Amino acid sequence: MDTEAVRSFVRAAELGQLRHAADELGVTQQAVSKRIAALERMLGVRLFTRTARGVELTLDGQAFLSHARSVVAHADRAVDAIRPGSRALRIDVLGLRSAQAVILHDYWRSHPETPLDVVTLKVDDPRLAVAAVRAGDVDASFRSVTDPADLPHELRMIHAFHSPLELVVGPRHPLASARTVTPARLRGHRIWVPGIAPGSEWADFYAQLTCAFDLRVDAAGPNFGNEVLLDILADSDDVATLVGSRDRYVWPAGHDLRRIPVAGPTLAYPLSLILPRENPHPGLRAVVNHFANLPPLPEDTWLPSWATVPHRGGGAGHTPR
């Protein structure tokens, strides 16, 4: 169905004259007449009766009018949904308690007028997130592609921010009283990180981390979620885990868990943003600029080899055009 023909019908019905409808729509009266005639042929009914005063709806026209208004309204909303600056910015994050979601929430609290849609694609393979950005399912994804060959030319990956790591232990762990810990002090301790999916960016991160500092990081056993992990840490005297300093975790007060910064050097997880190379969503610029205001990292920070910027600052390296 030709939506412009339906729009011409609606305006003619509301204004009572083809000429007035044509003036409002910015076309000739003949164009409006042809559109309505084509619509009548398609529907197989007469929608108007021509009178000396203009046009009047037939019974079929009256029955069609409310539905025609809905067609026009839906068409207008569809166009608005893809008009630059009017469609909500849709960003994929690894989890709603992750550092990415926390930072986005901080941004949104400062800019509550921003239409923002935060989603989790629930995929481990970063290539699947790349495919979602490429297909337009999301405007950007907080993922890192560690192999440049997996990033299509029409997409690019920019540095977003770094997430320093913290050690989480229970009250009976040997390191529970430490104010900070060095990577060297972690040697020999079991660092349990369930859910390290093969082929994921975090699998590559932990592989490089264990090699660089001779750490004992394992993902043995099923991943029953953060709540079960925190329960196990609270009762253990030898199990620890690593989390991002901005990741949000909540546990019962009786767990008495400790979050201990890792320093000397700081261990940081680099967070990148994958987005279209051409015509990214206009709302991305302000979000990426927000990252630049995050506190910088110490000079002695360890990053994996695929970190997307050479500097060790906390903010964004590049701004979407």
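Residues numbered from 1 in each chain as written. Predicted model: local features only at pLDDT ≥ 70, side-chain atom pairs only at ≥ 80, totals over all residues. Heavy atoms only, no water.

A. Highlighting the overall build of the protein chain. Counting secondary structure elements, the protein chain contains ten helices and twelve strands. A compact globule built from 321 residues should have a C-alpha radius of gyration of about 20 Å, whereas the protein chain, at 29 Å, is more than 25% larger. In terms of overall dimensions, the protein chain has a C-alpha envelope of 95 × 40 × 35 Å along the principal axes. Counting the 321 residues in the protein chain, one finds 45% classified as buried. Carbon together with sulfur atoms contributes 52% to the accessible area of the protein chain, which is approximately 16000 Å² in total. (Helix = DSSP H or I, 4+ residues; strand = E, 2+ residues; numbered from the N terminus. Rg over C-alpha atoms; globule rule 2.2 N^0.38 Å. Buried < 20%, exposed > 50% of the residue type's maximum accessible area, 1.4 Å probe, protein only. Areas by Shrake-Rupley, 256 points an atom, 1.4 Å probe, with all protein chains shown as cover.)

B. Representation of the packing of aromatic side chains within the structure. This structure, assessed with the given rule, holds ten aromatic pairs. Ring centres of F205 and Y269 lie 4.6 Å apart, and the angle between their planes is 50°; this geometry places the pair in the tilted category. Of this pair, F205 sits in helix α8 (residues 201–213) while Y269 is found in strand β11 (residues 266–276), placing the two residues 64 residues apart along the sequence. Both residues of the pair, F205 and Y269, belong to the buried class. Among the aromatic residues, ring-to-ring pairing joins F205, Y206, F213, Y269, W302 and W306 into one connected group. (Phe/Tyr/Trp six-rings, centres within 6.5 Å; stacked < 30°, edge-to-face > 60°.)

C. Quick look at the pairing of strand β2 (residues 54–57). With four bridges connecting them, strand β1 (residues 48–51) and β2 associate as antiparallel partners. Bridge pairing in β2 links R50 to V55. Hairpin connection of β1 to β2: two residues between the antiparallel strands. (Pairing = 2+ DSSP bridges.)

D. How the structure looks around the confidence of the model for the protein chain. Mean pLDDT for the protein chain: 89, with 93% of residues reaching 70 or above. Predicted confidence for residues 309–318 stays below pLDDT 50, and this span has 40 contacts to residues more than four positions away or in other chains. (pLDDT = per-residue confidence, 0-100. Contact = heavy atoms within 4.5 Å.)

E. A look at helix α5 (residues 99–110). A rise of 1.5 Å per residue sets the reference length of α5, with its twelve residues, at 16 Å; its end C-alpha atoms lie 17 Å apart and thus fit the reference within 8%. Among all positions of α5, only A99, Q100, A101, V102, I103, L104 and Y107 are buried. Buried residues along α5 sit against β3 (89–92), β4 (116–119), β6 (155–169), β11 and α10 (284–291). (Expected span 1.5 Å × (residues − 1).)

F. Representation of a nonpolar patch on the surface in the model. Where nonpolar side chains cluster on the molecular surface, the patch consists of M1, M42 and V71 and spans about 280 Å² of accessible area. Along the chain, the position of M1 falls in the segment before α1 (3–15). (Patch = residues over 30% accessible without salt bridge, like charges linked within 9 Å, V, L, I, M, F, W, Y side chains within 5 Å. Salt bridge = Lys/Arg side-chain N within 4 Å of Asp/Glu carboxyl O.)

G. How the structure looks around the side chain of E201. Secondary-structure assignment places E201 in helix α8. One buried charged side chain, E201, makes no salt bridge at all; its nearest oppositely charged neighbour is R143, positioned 5.3 Å away. If near-sequence neighbours (up to four positions away) are discounted, E201 is found in contact with P126, R143, S144, T146, Y269 and W306. (Lys, Arg positive; Asp, Glu negative; His and termini not counted.)

H. Local environment of the pairing of β3. With four bridges connecting them, β3 and β4 associate as parallel partners. Each residue of the ladder has a partner; that of L89, found in β4, is L116. The pairing of β3 with strand β5 (residues 140–141) spans two bridges and is parallel. The residue of β5 that forms the bridge with I91 is A140.

I. How the structure looks around the pattern of salt bridges. What the rule picks out here adds up to 15 salt bridges. Close ionic contact of R50 with E40 constitutes a salt bridge, the shortest N to O distance being 3.9 Å. With R50 in strand β1 and E40 in helix α3 (residues 29–43), this residue pair connects regions lying ten residues apart in the sequence. E40 gets classed as buried once you look at its relative accessible area, which sits at 10%. Measuring nitrogen to oxygen at the nearest pair gives 2.5 Å for the salt bridge that ties D117 to R90. Placement of the pair is D117 in strand β4 and R90 in strand β3, with a sequence separation of 27 residues. Of the residues examined, D117 reaches a relative accessible area of 30% and is grouped as partly exposed.

J. Quick look at the side chain of S8. Assignment of secondary structure puts S8 in helix α1. Engagement of the side chain of S8 in a polar contact is seen with the side chain of R35, the distance being 3.1 Å. S8 has contacts with A21, L25, V32, R35 and I36, leaving out every residue within four places of it along the chain. (Polar contact = N/O pair within 3.5 Å; in protein donor to acceptor, adjacent residues only side chain to side chain.)

K. Quick look at the packing of α1 against helix α2 (residues 18–25). At a closest axis distance of 8 Å, the pairing of α1 and α2 adopts a crossing angle of 125°. As the angle between them shows, α1 and α2 are arranged oblique. Along this stretch, α1 crosses α2, giving a crossing that reads as right-handed. Counted together, R7, S8, R11, A12 and L15 of α1 and L18, H20, A21, E24 and L25 of α2 form the full contact between these two elements. Its residues placed into classes, the contact of α1 with α2 shows five nonpolar, two polar and three charged. (Axes fitted to C-alpha atoms, helices over the stretch in contact; angles between N-to-C directions. Parallel < 35°, antiparallel > 145°, perpendicular 65-115°, else oblique. Left-handed = near helix turned anticlockwise from the far one by under 90°. Nonpolar A, V, L, I, M, F, W, Y, C, P; charged D, E, K, R; others polar.)

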